[in-house]
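Overview (structure and organization)
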Amino acid sequence: MSGCAKNIVIGGGTGNIGRYLVSNLVKSGHNVSIISRKAMVINKVMKSGLSSSTHRLPQSAISWKDIEREGLPMDTDVVINLSGRSIGNPGPWTNSLKKSIESSRIDTTQRLAKAIEKSEIPPKLFISASAVGAYGCDPDKVYSESDVPVVKGRETFFTDLCRKWEESSAVKEECNTRVVNPRFGVVLAPDTPPLTTLLPQAAFTGATEVGTGNQPFPWIHMEDAVSALNFIMDNESISGPVNVVGPQIVDNSQFTKALADACMSCVNKNLPLPAFVVRLLYGTERADNILLDSPKVLPQTLLDLGFKFHHQDIDSALKQVVLSVLEGKEGFENSSLKWVLERNKKRTA
């Protein structure tokens, strides 16, 4: 599929990863349509030529109802689903929140799978997002795509969510559609969680370790996440789960130090975030399954196929994030954060 412009339909195209991906694909000459509940508003903005964002806009927007009624646009080559309610906001996993988190991922994926099956000429590729939360958290194990995600009997809400999420992307074999499930780690960009909170904190008062700091922190820079999705599109040998994480395995303590160094501040030993506080803020289930424990994950498929990471270690990744703030890259503007980072830079010069 490489070497030519593609017709690409994206669910979640206005989300954290989606904005960057849409901008990249449009810049590369692809024809991009996003699926949104606010399709009419987005189309009006595009027709007016007015936008507050410097991210490149898609060529069109369609609604989820349009997908259900009319199916995919004609000649769709690739379908990508990045839809899903954020799991990063404080608060416990109530039953209603769990239902919302699950339906925002599974329902949209199922709609797109059905639309693919109903297509007269099905798209060649369906990329449906997942997360490294599919894996267990065995501290002695490093997970690759060939590993069974989680040991039976040790399932959690998050591992079950990822399993159902991936299962919902299945399409009939006769469609001849390649299905890929990128399992994302924490994606690092200045205007997406968790760095929207952690960057200002680290710049102003110093970076803070979470819990013991020993828990793994699977990460990837946004530039590499977008590049990996392009790589998946261009490599027809890839199917099934693909770990979209950086090649360096780090723990929360190493991440925290790298963040402090990038922000030219310090690791704040006076204001740690102990486990009991994390559990109070996020609820025990949510804290223990995401913030206080995570899997060690390698991007084995990407490495085996020769994918080139722009940011191979956490230090270079976070320094690039801070540089994007200082230089206003990707349209990111935060004058107070930029001022503090410039102040820190002068202090350490």
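Note that residues are indexed from 1 along each chain, following the sequence as it is written. The model is predicted, so local features are restricted to residues of pLDDT at least 70 and side-chain atom pairs to those at 80 or more, both for listing and for counting; the totals for chains, interfaces and linings are taken over all residues. Values shown for side chains rest on all heavy atoms present in the structure; no hydrogens or waters enter the calculation.

**Here we look at the packing of aromatic side chains**
For Phe, Tyr and Trp, where Trp contributes only its six-membered ring, two rings pair if their centres lie within 6.5 Å, and the inter-plane angle classes them as stacked under 30 degrees, edge-to-face over 60, or tilted in between. Taken as a whole and judged by the stated rule, the model has 6 aromatic pairs. Residues F217 and F255 carry aromatic rings whose centres are separated by 4.0 Å and whose planes lie at 15° to one another, so their mutual orientation is stacked. Linking F217 in the loop between helix 6 (195–205) and strand 10 (219–221) with F255 in helix 8 (residues 252–262), this pair joins segments that are 38 residues apart in sequence. The exposure classification of F217 matches that of F255, with both residues buried. Geometrically, the ring pair formed by F307 and F309 is edge-to-face, given 4.8 Å between the ring centres and 90° between the ring planes. Judged by relative accessible area, which is 9%, F307 ranks as buried. Ring-pair connections join several aromatic residues into one group, and the members of that group are W93, F157 and F158. Above the plane of the ring of W165 lies R105, whose end atom (NZ or CZ) is 5.0 Å from the centre. Going along the chain from the N terminus, every DSSP run of H or I of four or more residues is numbered as a helix, and every run of E of two or more is numbered as a strand. Categorising residues by exposure relies on relative accessible area from a 1.4 Å probe, with only protein chains included: less than 20% of the type maximum marks a residue as buried, more than 50% marks it as exposed, and the intermediate range marks it as partly exposed. The criterion is that NZ of a Lys, or CZ of an Arg, lies within 6 Å of the ring centre and within 35 degrees of the ring normal, and then a charge sits over that ring.

**Points about the environment of P200**
By the element assignment, P200 lies in helix 6. Taking the C-alpha atoms as reference points, P200 and V210, 10 residues apart in sequence, are found 16 Å from one another. By definition in these notes, contact holds between two residues if any of their heavy atoms fall within 4.5 Å. Residues in contact with P200, not counting those within four places in the same chain, are L195 and L337.

**Some details on the pairing of strand 8 (residues 178–184)**
Extensive coverage of strand 8 is indicated by the burial of 7 of its 7 residues. Two strands form a pair only when DSSP identifies at least two bridges running between them. Bridging between strand 5 (residues 125–128) and strand 8 involves 3 bridges; their strand directions are parallel. If you follow L125 over to strand 8, its bridge partner there is R178. Of the strand pairs in this sheet, strand 6 (residues 130–131) and strand 8 are connected by 2 bridges, and their pairing is parallel. Residue A131 lies in a different strand from strand 8, and its bridge partner there is F184. Both strand 8 and strand 11 (residues 240–244) contribute to a ladder of 5 bridges, which runs parallel. Bridge assignment links P182 to a residue of strand 11, and that residue is V242.

**Topic: the pattern of salt bridges**
Side chains bearing opposite charge may pair, as long as their charged atoms lie close to each other. The term salt bridge refers to a pairing of a side-chain nitrogen on Lys or Arg with a carboxyl oxygen on Asp or Glu at a separation within 4 Å. Going through the model one piece at a time under the given rule, you end up with 12 salt bridges. The closest approach of N and O atoms between R19 and D191, which form a salt bridge, is 3.2 Å. Linking R19 in helix 1 (residues 16–27) with D191 in the loop between strand 9 (186–188) and helix 6, this pair joins segments that are 172 residues apart in sequence. Here R19 falls in the partly exposed class, since its relative accessible area comes to 22%. Here R163 and D160 are joined by a salt bridge, their closest N and O atoms 3.6 Å apart. Within this pair, R163 and its partner D160 are both found in helix 5 (residues 157–167), separated by 3 residues, close to a single helical turn. A residue is classified by how much of its surface remains accessible, and R163, at 39% relative accessible area, is partly exposed.

These figures capture arrangement, not role.
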